[in-house]
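Residue-level structural notes
Take a look at the letters that make up each chain.
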Amino acid sequence: MGSSNCIGICTVSLRPCCRIITGYGYRGSSIFGSGQPKLNRKVTGNLSKLRSRSHDRGCSSQIVRYIRVIDPNRRDFSGFDSNWGRSRVYSANSRVGCRRGSSRRRGVLVIPNVASDIRNHSTSVESQVKGKTSFESIYIQGGLNVKPLVVERIETDRGDVNSPNVNVNVNVGNSKGLNDNKVERELSDIEEEAWRLLRDSVVSYCGNPTPLNYDQVFVRDFVPSALAFLLNGDAEIVKNFLLHTLQLQPWQGLMPASFKVRTVPLDGSPGEFEEVLDPDFGESAIGRVAPVDSGLWWIILLRAYGKITGDYALQERVEFQTGIRLILNLCLKNRFDMFPTLLVTDGSCMIDRRMGIHGHPLEIQALFYSALRCSREMLIVNDGTKDLVTAVNNRLSALSFHIREYYWADMKKINEIYRYKTEEYSTDAINKFNIYPDQIPSWLVDWIPEEGGYLIGNLQPAHMDFRFFTLGNLWSIVSSLGTQKQNEGILNLIESKWDDFVAQMPLKICYPALEYEEWRITTGGDPKNTPWSYHNGGSWPTLLWQFTLACIKMGRTELAEKAVALAEKRLSMDHWPEYYDTKSGRFVGKQSRLHQTWTIAGYLSSKMLLENPEKASLLFWEEDYELLETCVCVLNKTSRKKCSRFAAKSQDAVGGHTTPEGTLPH
């Protein structure tokens, strides 16, 4: 270890970690850990085991104290509590930090109203962390206007963290089974390059990362990197990411879209600086849109961490249970909306620019459904959560029915819409959303095959968006939001329309692209979202891992292998671009950033999932028939019978076609 020191800032229930991994400038590359991974050329069944190695800057652990500041660059965001702009700073003790020349840098974390049970108006809490770590005298004051946490003393099984000789690491927990059935093989050249690039995206939190490409840590973009590390046995990196993003969650429940490392002068200490993690909740985003998917991805990742590592103690900790509840409370609030789907604006998900997906886009609904299923598994049921669990079950039931029944499109369903009557004012209306048949686009009439189908992109009153959105359809398969037949139909459609969805580079983010006057009106003439580019029909290699996961679940691994082999031919040669342009995905995107980490991680995750299908099975969900049978019809107080979904077991009916005899849909 070197002679210089640095400190990573952690939650009050975590031993301080001496290194925090952030992305080396690439969007989606920002990841947390306790050391840079080292690549082994020899790999086992779970691919290479990245091991920690010493860096040029050493670390010594010190007790953490907490101070409060008001960041002048933070401001209130319209529609949220006035405390939104107020931040809490975690700082190391004086005389401790990273030295660089004559300047001293201290790890500091800007946190608006930390997510924890401390927000439940309590004046003191007891740590619920399992193991030998104990915390004394953790005081919380001020109710909603929570003052900084004060940790008077932290003891560990390895001694007092005040000792400069203690090497503090994060306890990863039980990783039993992660390296079972090892089968050695050599990394290919492209895999070795990919792991090297992923390793090179790791920098010291206390250092000064050079901003290349994006200088933000995007929550959604980190997920494929997290999956790659989890499958590779490096759970510590993911654990730290989950902990630190949880710290950035305000008590309203929203997770940040991203955060960045910002260096500011240290007041009263000329020549000294602080590094702060500055979260973005939409104030800096394109279009100033609050992220809806960040919290959903965070819950999905937390469940994946537990499934792969076996460390379920993390999700059972009080601050994580509270974080889950806050996200659910935000999503399950009563609103002026008749549907079980989430109502959102344009730009609230992966498609973060104006693309006409405001309303109830499929991507958000599929992630919402997945997050609800994750939460139902992870929530500890007690008197304080039983009502929330009931609400989750009811929403799952209603949401699955709604999507299966009204979002599904195949030849039979489209022909049914073609014959719709309009202006049906009654509860018995067949055309419940007053869809005009003329909305069926001309491209769809000749494009939809006889076999196969998909879930449409959006549904609102008098509006159906018939575009195919890949992420939403893939996650509908992964989460079993669609029926078995629907899931099979989606992959059948992709196979039959391979040249449209894949061609020379997988996978189209949506199909088809908006063109001509429709593009100008819908996107506002967005020069980045020109036809067959970026989010308007561009090809995104990062979608490979989600496609692979869906194919493994449905027993169609040959499709995933074909897509991965196709990507391998070009990704390295093209320097791992973020996206590709043109209808066939032939050109590197005109504004595509190179060496994109979630492109790299998506490829590596796909390779590992294909080689370890037993690990893939931990990440998807099978049909929950008990959930289907508890579907409650909103009209059950009338003479109509209670809605039954039992027919889903026999797969006799595909959502969107029929309902059981004697029953009515929601």
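None of these values were measured; they are calculated from a predicted model.

Considering the overall build of the chain
Across its full length, the chain carries 20 helices and 23 strands. Put simply, the chain has 666 residues, and 62% of those count as buried. Look at the contacts in the chain between residues 6 or more apart in sequence, and 72% of them connect residues 24 or more apart.

Observations concerning helix α7 (residues 362-378)
If you check α7, its first and last C-alpha atoms are 24 Å apart, about what 17 residues at 1.5 Å a residue would give, namely 24 Å. Burial of α7 is extensive: 15 of the 17 residues sit out of reach of the surface.

Topic: unusual backbone geometry
Backbone torsion omega between Pro506 and Leu507 reads -5 degrees, so that peptide bond is classified as cis. Omega for the peptide link from Tyr511 to Pro512 comes to -5 degrees, which places this bond in the cis form. Inspection of the secondary structure assignment puts Pro512 in the loop between β21 (510-511) and α14 (516-523). In this structure, Trp576 is a non-glycine residue whose phi angle is positive, near 55 degrees. Following the sequence through the fold, Trp576 ends up in the loop between α16 (557-568) and β22 (580-581). On the basis of relative accessible area, Trp576 is assigned to the buried category, the value being 0%.

Some remarks on the pairing of strand β19 (residues 453-460)
Summarising burial for β19: eight of the eight residues are buried, a large majority. Alignment of strand β18 (residues 408-410) against β19, held across three bridges, turns out to be antiparallel. Bridged to Asp410 within β19 is Gly453. Examined bridge by bridge, β19 and strand β20 (residues 463-469) share four bridges and lie antiparallel to one another. Note that in β20 the partner of Leu459 across the bridge is Met464.

Digging into the pairing of strand β16 (residues 258-265)
Regular strands place their side chains on alternate faces of the sheet. In this sheet, β16 lies alongside strand β15 (residues 217-218) in antiparallel orientation, the contact comprising two bridges. Considered in β16, the bridge of Phe218 is made with Ser258. As paired strands, β16 and strand β17 (residues 273-280) are joined by eight bridges and run antiparallel to one another. Each residue of the ladder has a partner; that of Lys260, found in β17, is Asp278.

Re the packing of aromatic side chains
Scanning the model with the defined rule gives 24 aromatic pairs in all. Seen from their ring centres, Trp498 and Phe547 are 6.4 Å apart, and the 55 degrees between their planes marks the pair as tilted. With Trp498 in helix α13 (residues 498-501) and Phe547 in helix α15 (residues 544-553), the pair connects residues that are 49 residues apart, well separated along the chain. There is no split in this pair, since Trp498 and Phe547 are both buried. Taken together, a centroid distance of 6.1 Å and an interplanar angle of 85 degrees make the contact between Trp540 and Trp598 edge-to-face. With Trp540 in the loop between α14 and α15 and Trp598 in helix α17 (residues 597-611), this residue pair connects regions lying 58 residues apart in the sequence.

Examining the pattern of salt bridges
All told, the structure shown has 17 salt bridges when counted by the stated rule. Among the ionic pairs, Asp526 bridges to Arg353, the shortest N-O distance being 2.8 Å. With a gap of 173 residues between them, Asp526 in the loop between α14 and α15 and Arg353 in the loop between α6 (318-331) and α7 connect regions that are remote in the sequence. Arg353 shares its class with Asp526; the two are buried.

Section: the packing of helix α2 (residues 219-231) against α17
As a packed pair, α2 and α17 sit with axes 8 Å apart at the nearest point and diverge in direction by 40 degrees. Here α17 runs oblique to α2, going by the angle between their axes. Here α2 runs over α17; the crossing is left-handed. Packed against α2, whose contacting residues are Arg220, Asp221, Pro224, Ser225, Leu227, Ala228 and Leu231, the element α17 presents Thr597, Trp598, Ala601, Gly602, Ser605, Met608 and Leu609 at the interface.

A word on the sheet that holds β21
Pairing within the open sheet is antiparallel, and its four strands lie in the order β18-β19-β20-β21. The sheet is open, and its two edges are formed by β18 and β21, each paired on a single side. In the sheet, β20 pairs with β21 via two bridges, with the strands oriented antiparallel. Directly across from Phe468, in β21, lies its bridge partner Tyr511. Seen against the sheet, helix α8 (residues 386-406) touches β18, β19 and β20 and runs at an angle of roughly 110 degrees to β19.

Considering the confidence of the model for the chain
Do not read the fine detail of predicted coordinates wherever pLDDT is low. Overall, the prediction assigns the chain a mean pLDDT of 74, with 65% of residues at 70 or greater. Below a pLDDT of 50 lies the segment residues 1-183, which in the model reaches 505 contacts outside its immediate sequence neighbourhood of four places, other chains included. Counting interchain partners and residues more than four positions distant, the pLDDT-below-50 stretch residues 203-213 has 40 contacts.

Considerations on the packing of helix α3 (residues 235-247) against helix α4 (residues 293-309)
Put simply, α3 and α4 touch, their axes get as near as 11 Å, and they point 150 degrees apart. Handedness of the α3/α4 crossing: left-handed. Packed against α3, whose contacting residues are Ala235, Val238, Lys239, Phe241, Leu242, Thr245 and Leu246, the element α4 presents Trp298, Leu301, Leu302, Tyr305 and Thr309 at the interface. Partitioning the contact of α3 with α4 into residue classes produces nine nonpolar, two polar and one charged.

Cut-offs and rules
- Residues numbered from 1 in each chain as written.
- Predicted model: local features only at pLDDT ≥ 70, side-chain atom pairs only at ≥ 80, totals over all residues.
- Heavy atoms only, no water.
- Helix = DSSP H or I, 4+ residues; strand = E, 2+ residues; numbered from the N terminus.
- Buried < 20%, exposed > 50% of the residue type's maximum accessible area, 1.4 Å probe, protein only.
- Contact = heavy atoms within 4.5 Å.
- Expected span 1.5 Å × (residues − 1).
- Pairing = 2+ DSSP bridges.
- Phe/Tyr/Trp six-rings, centres within 6.5 Å; stacked < 30°, edge-to-face > 60°.
- Salt bridge = Lys/Arg side-chain N within 4 Å of Asp/Glu carboxyl O.
- Axes fitted to C-alpha atoms, helices over the stretch in contact; angles between N-to-C directions.
- Parallel < 35°, antiparallel > 145°, perpendicular 65-115°, else oblique.
- Left-handed = near helix turned anticlockwise from the far one by under 90°.
- pLDDT = per-residue confidence, 0-100.
- Nonpolar A, V, L, I, M, F, W, Y, C, P; charged D, E, K, R; others polar.

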